Amino acid sequence: MKSEQHYKRGFLKLAGIIVLFGMFIEVLQGTLTDYRQPDWADILANTIGVLMAWLLFLIFQKYLVRVKHQITSFL
């Protein structure tokens, strides 16, 4: 159970990093190019995508853990 909590915490940290990276890319688009502009809708879409991935992770978590154990026992 402790490893599952560690796994969830790691996934949440990764999701946060991905959202921040998306924001960073949007800022760079506005500052480093003349033909691109940052867009709040892109940041929102990226964040929604990350949240949907996290939701899918929660839905399939038990299955993924079972597959991980099967692979580990096979090796």
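Predicted, not measured: the structure shown is a model, and the values here were computed from it. (Residues numbered from 1 in each chain as written. Predicted model: local features only at pLDDT ≥ 70, side-chain atom pairs only at ≥ 80, totals over all residues. Heavy atoms only, no water.)

Colleague: Hey, could you run me through the overall build of the protein in this one?
Modeller: When helices and strands are tallied, the protein shows two helices and zero strands. Taken over the C-alpha trace, the protein has a radius of gyration of 17 Å; the compact-globule value for 75 residues is 11 Å, which it surpasses by more than 25%. Taken over the C-alpha atoms alone, the protein extends approximately 55 × 25 × 20 Å along its principal axes. Counting across all 75 residues of the protein, residues that qualify as buried make up 13%. Total accessible area on the protein is roughly 6,600 Å²; 69% of this is exposed by carbon and sulfur atoms. (Helix = DSSP H or I, 4+ residues; strand = E, 2+ residues; numbered from the N terminus. Rg over C-alpha atoms; globule rule 2.2 N^0.38 Å. Buried < 20%, exposed > 50% of the residue type's maximum accessible area, 1.4 Å probe, protein only. Areas by Shrake-Rupley, 256 points an atom, 1.4 Å probe, with all protein chains shown as cover.)

Colleague: What should I look at first to understand the packing of aromatic side chains in this one?
Modeller: Each aromatic ring pair is characterised by the separation of its centres together with the angle its planes make. Inspection of the entire model under this criterion finds one aromatic pair. Seen from their ring centres, Phe11 and Phe57 are 4.4 Å apart, and the 10° between their planes marks the pair as stacked. Placement of the pair is Phe11 in helix 1 (residues 2-32) and Phe57 in helix 2 (residues 40-74), with a sequence separation of 46 residues. (Phe/Tyr/Trp six-rings, centres within 6.5 Å; stacked < 30°, edge-to-face > 60°.)

Colleague: When you look at the side chain of Glu26 in this model, what are you seeing that I'm missing?
Modeller: Counting through the fold element by element, Glu26 comes out in helix 1. Among buried charged residues, Glu26 stands out as having no salt bridge; its nearest opposite-charge side chain is Arg36, 5.6 Å away. One polar contact links the side chain of Glu26 to the main-chain amide nitrogen of Asp39, over a distance of 3.0 Å. Among residues more than four places away in sequence, those in contact with Glu26 are Gln37, Pro38, Asp39, Asp42 and Ile43. (Lys, Arg positive; Asp, Glu negative; His and termini not counted. Salt bridge = Lys/Arg side-chain N within 4 Å of Asp/Glu carboxyl O. Polar contact = N/O pair within 3.5 Å; in protein donor to acceptor, adjacent residues only side chain to side chain. Contact = heavy atoms within 4.5 Å.)

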